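Residues per chain are reported as follows:
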Amino acid sequence: MKEQITGSEALMLALKTEGVKTIFGYPGGSIMPVYDALYDYTRGEKKTFDHILVRHEQAATHAAEGFARVTGRVGVALVTSGPGATNTLTGVADAMLDSTPIVVIAGQVPIAALGTDAFQEVDLVGLAQPISKWSYQIRHAEDIAWAVSRAFYIARSGRPGPVVLDFPKNAQTEKVDFVPQKVDFIRSYVAYPKLNMDVVKEAAELINHAKKPLALVGQGVELGNAQDELRAFLEKADIPAGRTMLGLSALPSDHPLNVGMLGMHGNYAVNLKEQECDVLIAIGMRFSDRVTGNTKTYAKQAKIIHLDIDRSEIDKNVKADVAVVADCKESLPAITALLNASNHKEWRESFKALDEKERTKVIEPAIHPQHGPLLMGEVVNAVAEQAPRGTVLVTDVGQNQLFATRYFRYPQKRSICTSGGLGTMGYGMPAAIGATFATDRTVCCFMGDGGFQMCIEELGTIMEQQAPVKMILMNNNYLGNVRQWQDMFWQRRKSFTQMMNPCYELIAQGYGIPYQVVIDRKDLAAAIAKMLSTKGPFILECAIKEDDDVLPMTPPGMNVNDMMLEV
């Protein structure tokens, strides 16, 4: 007779069945049986997993996100109950808004103690339900194989997202006959809607008759691994394409049909041309308010085709004339097959005057200033010029994010990790850690002084793991993005945005991480070269002009064609 195993070891086998290799976590009382089982699975003959000990549970989720964004696989976080579990919720919400597949497994008090306000008891399932694809409590060991398989299936299928498993201690210690399970169908959950060929024909007909078509490319293309299908679609119909922030690496930066980044701080031409095109094709994007500006005036002249796997996104923010609800890896080639080979040279050429206007007024002064303090744009551009091809960009949130996404290069797919929908400060460093465990590519993480201090404890994780994160700290002694809004919209009343910062050199020394500071631009190129050639982690601090503003900018609530090139 086969010997029974504990629920904790059953969890190890279930994760192994799902192909998990890397776990980001932090132990505690209610997850201790699992960590005891994990001991044997991280060393010796049973070695299956690499466990990365983070310094805060929120970082475990962001690291899992970074891992997932670069690999396309499900990231895994393992934490204890109570504050351990609640600390993950920001990361869960971040993953939900950015469609990132992660599974969070949290300890819980035994089911006999539920509802008694036991030590470190919280209703995690209830808390996580509104911000996750699925949250479930594994109440007995016999449910582990099914629950884990279902969790991974839900997390990675369809529109990806986070799943939370609440794991009471009794289920961790109960004995069970483990039998692997494979969940690949849930009756109430349609992960991949059936493609309607009638709407495919409607979409193709609109595109074939378009004189000024414009594609808006979102992260859905990356999530669906449809980068090649996108290029075939765009090239056959000769359609210029803008990309959302999360979709920046879905189309190479140097592709001739790439016309820039969409959104509040995107590129000038593509934002204005949204108000001129006659057919707007949105592919795997959700018409965020940061892209559309005032929806009452957004692209009213255009017929709108919306391709998305999630039916709930259709007509949510912008009304579609044709809705193609399916995986874009399937819908794009279906439409492409019906397209005429087209030439929209005159339409594409019309972008150039606007591009040149932005280059003259904004880009050149930002990346090649002639005097004064360092600017964020020039630092990003200087790093991008030296970084190896295929470098993964990770950002925190704020001006560092907006400058970095604008001026970095994306020649390769899955090259950007940033917090889009939730805008989570403190995301950058742990996401970059996760990215280094996902790939051998260089990982450059841009952070401001505010976001850096929100995750500064993860320097301990970097130190322990020697995770080769190239950290570029753009220090302007302000919460820069809030300061910019205060200057522009609040009569320059800088209410609590100035930062008193520590000595980052001493902090780097404390963690044993190589460090250099750059104050004068003549030293910038050499410092970047040193950072990129140093094995392992590196902190490059750059002293940035305090009132450096991100431009262009569409003021909040304004029309997308009200984009400002200067303050």
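Conventions adopted
Residues numbered from 1 in each chain as written. Predicted model: local features only at pLDDT ≥ 70, side-chain atom pairs only at ≥ 80, totals over all residues. Heavy atoms only, no water. Helix = DSSP H or I, 4+ residues; strand = E, 2+ residues; numbered from the N terminus. Polar contact = N/O pair within 3.5 Å; in protein donor to acceptor, adjacent residues only side chain to side chain. Contact = heavy atoms within 4.5 Å. 1 Å grid on protein atoms, 1.4 Å probe; cavity = no way out; pocket = protein on both sides within 12 Å on 5 of 7 lines; lining within 4 Å. Points joined across faces, edges and corners; volume = space filled by probe spheres on them. Nonpolar A, V, L, I, M, F, W, Y, C, P; charged D, E, K, R; others polar. Pairing = 2+ DSSP bridges. Axes fitted to C-alpha atoms, helices over the stretch in contact; angles between N-to-C directions.

A. Broad picture of the side chain of Thr439. Here Thr439 shows up in the loop between α19 (428-436) and β17 (443-448). A polar atom in the side chain of Thr439 sits 3.0 Å from the backbone nitrogen of Arg441. Excluding its chain neighbours within four sequence positions, the residues that come into contact with Thr439 are Val70 and Val392.

B. Molecular detail of the layout of surface pockets. Its volume calculated, the second largest pocket comes out at about 730 Å³. Lining the second largest pocket are 27 residues, and of these Ser253, Asn258, Gly260, Asn267 and Arg359 sit closest to its centre. Every element with two or more residues in the lining of the second largest pocket is listed here: β11 (258-261), α15 (345-349), α16 (351-367) and α18 (399-407). Its residues assigned to classes, the lining of the second largest pocket comprises eleven nonpolar, six polar and ten charged.

C. Up close: empty space enclosed by the protein. Applying the stated criterion across every chain yields a total of two cavities of 30 Å³ or more. Looking at the largest cavity, its volume works out to about 70 Å³. What lines the largest cavity is Arg69, Gln219, Glu222, Leu223, Leu246, Ser249, Arg414 and Ile416. The volume enclosed by the second largest cavity comes to roughly 30 Å³. Around the second largest cavity sit Ala14, Thr17, Glu18, Ala145, Ser149, Phe178, Pro180 and Gln181, which together line it. Residue assignment for the lining of the second largest cavity shows that the elements contributing at least two residues are α1 (7-17) and α7 (144-156). For the lining of the second largest cavity, the per-class residue count stands at four nonpolar, three polar and one charged.

D. Quick look at the sheet that holds strand β10 (residues 241-243). Spatial ordering of the open sheet is given by β11-β10-β9-β12-β13-β14, a layout of six strands whose pairing is parallel. Of all the strands in the sheet, just β11 and β14 (322-325) have a single pairing partner and so form its edges. Going from strand to strand, the sheet's axes swing by 20° on average, the running direction of each strand aside. Pairing of strand β9 (residues 213-217) with β10, which is carried by three bridges, proceeds in the parallel orientation. Considered in β10, the bridge of Leu216 is made with Gly242. Strands in contact with helix α14 (residues 328-336) are β12 (279-283), β13 (303-308) and β14; relative to β13, the strand with the most contacts, it is inclined by about 135°.

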